[in-house]
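Next come the chains, spelled out residue by residue.
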Amino acid sequence: MLAWTIYLSFLGALAVLLLPEKSVRGARVTALTSACAGLGVSLLYALQFKPGPELHTLVKVPWIKSLGIDYHLAVDGISLTLVVLTGISAVVGVLFSWNIERRVKEFFAFYLALIGGVYGVFL
C-alpha cells in the first residue's frame, strides 16, 4: 500500500501535464490532490505499522533477471517517518507554491515528479 505514494506522485505529474494549457487552476488542484493522496496513504500505513527490528517488504519483483536485479521497496521505522514527513512537505510545498504564475503546469509536474523520487529514495 505504501508503494502507492510513489505511483500517485508520478500519476499526478502525468495528469498535470495532460491538462489543457490554460488550466492553471486545474494544475494546482491536481497537484494538491495528488500530494494529499500521498500524505493520506503514508499516514494510513503509519497508523497500522508494527515496529520491529526487520524491514517490512512492500514490493519485491524481478526486474532484470539476467543481472539479478529486483524492484524492491521496503520500510522500517526510520524510513516510514521520513515518508510521512515527505508527504507533509509535499502538501505544504504545493500550498506555498499556489501563487506561481508562469509555467504552472510544468512547475507542478516537475514538483510531483521530484516528490515521487523522494518517496522512492526513502522506500
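Report follows, based on the coordinates. For every chain, the first residue of the written sequence is number 1, and numbering continues from 1 along that sequence. Totals for whole chains, interfaces and linings use every residue, but because this is a predicted model, local features are given only for residues with pLDDT of at least 70 and side-chain atom pairs only at 80 or more, for both listing and counting. With hydrogens and water excluded, all non-hydrogen atoms of the structure serve as input to the side-chain values.

By definition, two strands form a pair when at least two bridges between them are found by DSSP. Strands here mean DSSP runs of E at least two residues long; helices mean DSSP runs of H or I at least four residues long; both are numbered from the N terminus. Note: strand E1 (residues 56–64) against strand E2 (residues 69–75), seven bridges, orientation antiparallel. If you follow His 56 over to E2, its bridge partner there is Val 75. Connecting E1 to the next strand, E2, in antiparallel fashion are four residues, including Gly 68 with a positive phi near 70°.

Within the largest apolar cluster, 27 residues are counted, with the highest numbers of intra-cluster contacts made by Leu 2, Val 75 and Leu 123. If you list the elements that add at least two residues to this core, you get helix H1 (4–18), helix H2 (24–48), E2, helix H3 (77–96) and helix H4 (104–122). It is H4 that provides the largest number of residues to this core, a total of seven residues. We call two residues in contact whenever any of their non-hydrogen atoms come within 4.5 Å of each other. Ignoring sequence-local partners within four residues, the contact set of Leu 123 consists of Leu 2, Ala 3, Thr 5, Ile 6, Leu 58, His 72, Leu 73, Ala 74, Val 75 and Val 83. The criterion is simple. A nonpolar core is a set of buried Ala, Val, Leu, Ile, Met, Phe, Trp, Tyr and Cys residues joined through side-chain atoms within 4.5 Å. Here's how the labels work: a residue is buried when its accessible area is under 20% of the maximum for its type, exposed when over 50%, partly exposed in between, all with a 1.4 Å probe on protein chains only.

Moving on, we come to the side chain of Thr 5. Along the chain, Thr 5 turns up in helix H1. Within the structure, Thr 5 has its side chain in polar contact with the backbone oxygen of Leu 2 (distance 2.7 Å). Setting aside residues no more than four positions away along its own chain, Thr 5 makes contact with Gly 38, Val 41, Ser 42, Tyr 119 and Leu 123. We call two N or O atoms a polar contact when they sit within 3.5 Å, provided that within protein one can donate a hydrogen and the other can accept it, with sequence-adjacent residues counted only if both atoms are side-chain atoms.

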